[in-house]
Amino acid sequence: MKKLTITSLLLLAVLSISSCVSSSGKDNETFSYPDSKIWKHGVYSEYEAERYAGTFDGLEVDLVYSKKHNSIFIGRQEDDAEKGHTFDTWISMIKEPDKTRYWIDFKNLSTENAEAALQCLDSIMNLHNVSKRNFMIENQDVNTLKIVKKFNYATILWVDNIFYWNNKTKADSISVCKIIRNKINELHPDAISSEFTAYPMLCDSFPEQNIHFWDTPKELNEENAAHTQMLCRNKSVKVVLVDYPEPIDY
């Protein structure tokens with residue numbers, strides 16, 4: 001009887017630990033994908049944010065951090081901060097910001113400014129009562145994204161496609177995939193992203209990853225719509241950025 005009691009206690013302990021691990025795993029889910037894979041690309045003004053937030057489940061925006069202002073601005077380079085278009089104002093134009101997902105292309109995020117920039121983002125997120133599970137932050141640098149992970153934001157590892165490498169170094173697809181795999185193994189990102197021309201290489205080589213595509217054909221016509229639909233139907237593809245005025249069925 002005594003042995004049975006000890007065994008039972010051990011079993012309960014194991015179950016208790018398993019329960020804690022499971023609960024912790026849920027808490028560590030850093031991003032919640034919406035229903036639609038088709039997100040709006042390049043939402044660069046406050047008015048576009050207001051317009052498209054109710055139309056698309058997800059919005060992509062380029063941001064820069066200004067050390068001078070200790071604030072985050074819409075733009076592609078740090079000088080864009082002087083135009084005064086803050087991310088705070090941008091997101092304030094969205095009526096229900098917690099119902100939208102955000103792909104943040106943080107253009108000048110680096111190991112030097114990431115701590116300060118992400119503290120600013122935390123403040124904006126808290127001010128507008130938006131969950132961190134609504135944000136994904138994209139960058140090329142593994143070490144920078146490691147800091148992003150410490151702030152509990154989901155990470156998108158921007159990867160070059162074979163055409164980029166061919167133009168620069170004449171590298172073959174095996175070499176490119178090896179470089180990408182090494183980065184993935186070091187970072188364990190929540191997603192990887194590239195130009196749409198990297199399909200199907202990324203889907204064939206990294207089917208276990210959440211894959212995002214951008215720079216897709218801009219004009220909405222039958223051919224381009226069919227291409228977007230083809231991307232979305234691949235189970236590894238989680239987001240396709242489009243310049244279309246509204247999502248399309250897939």
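All values reported here derive from a predicted model rather than from experimental measurement.

**Some remarks on the confidence of the model for the chain**
Next up, step 1: Mean pLDDT over the chain: 87, with 85% of residues reaching 70 or higher.
Next up, step 2: Of the regions scoring below 50 in pLDDT, residues 1-28 engages in 0 contacts with residues more than four places distant in sequence or in other chains.

**Section: the pairing of strand E5 (residues 135-139)**
Next up, step 1: Among the 5 residues in E5, 5 count as buried, and that is most of the element.
Next up, step 2: Both faces of E5 are covered, namely the face carrying Phe135, Ile137 and Asn139 and the face carrying Met136 and Glu138.
Next up, step 3: Bridge count for strand E4 (residues 101-106) against E5 is 4 bridges, and the pairing is parallel. Note that in E5 the partner of Tyr102 across the bridge is Phe135.
Next up, step 4: Handedness of the crossover is the feature at issue here: the chain leaves E4, passes through helix H4 (residues 114-127), returns alongside E5, and the resulting connection is right-handed.
Next up, step 5: As paired elements, E5 and strand E6 (residues 154-158) share 4 bridges and run parallel to each other. When the bridges of E6 are listed, Ile137 appears paired with Thr155.
Next up, step 6: Taken together, E5, helix H5 (residues 142-150) and E6 form a β-α-β motif whose crossover is right-handed.

**Section: the nonpolar core**
Next up, step 1: The biggest cluster of nonpolar side chains holds 61 residues, and the ones touching the most others in it are Phe87, Trp90, Phe135 and Leu202.
Next up, step 2: The biggest single contributor to this core is H4, with 7 residues.
Next up, step 3: Beyond its immediate sequence surroundings of up to four residues, Phe135 is in contact with Thr30, Phe31, Phe87, Ile91, Tyr102, Ile104, Leu121, Met125, Val130, Tyr153 and Ala154.
Next up, step 4: Within the second largest apolar cluster, 10 residues are counted, among which are Phe31, Trp103, Ile156 and Leu241.

About the cut-offs
- Residues numbered from 1 in each chain as written.
- Predicted model: local features only at pLDDT ≥ 70, side-chain atom pairs only at ≥ 80, totals over all residues.
- Heavy atoms only, no water.
- pLDDT = per-residue confidence, 0-100.
- Contact = heavy atoms within 4.5 Å.
- Buried < 20%, exposed > 50% of the residue type's maximum accessible area, 1.4 Å probe, protein only.
- Helix = DSSP H or I, 4+ residues; strand = E, 2+ residues; numbered from the N terminus.
- Pairing = 2+ DSSP bridges.
- Right-handed = clockwise from strand over helix to strand, strands pointing away.
- Core = buried A, V, L, I, M, F, W, Y, C linked by side-chain atoms within 4.5 Å.

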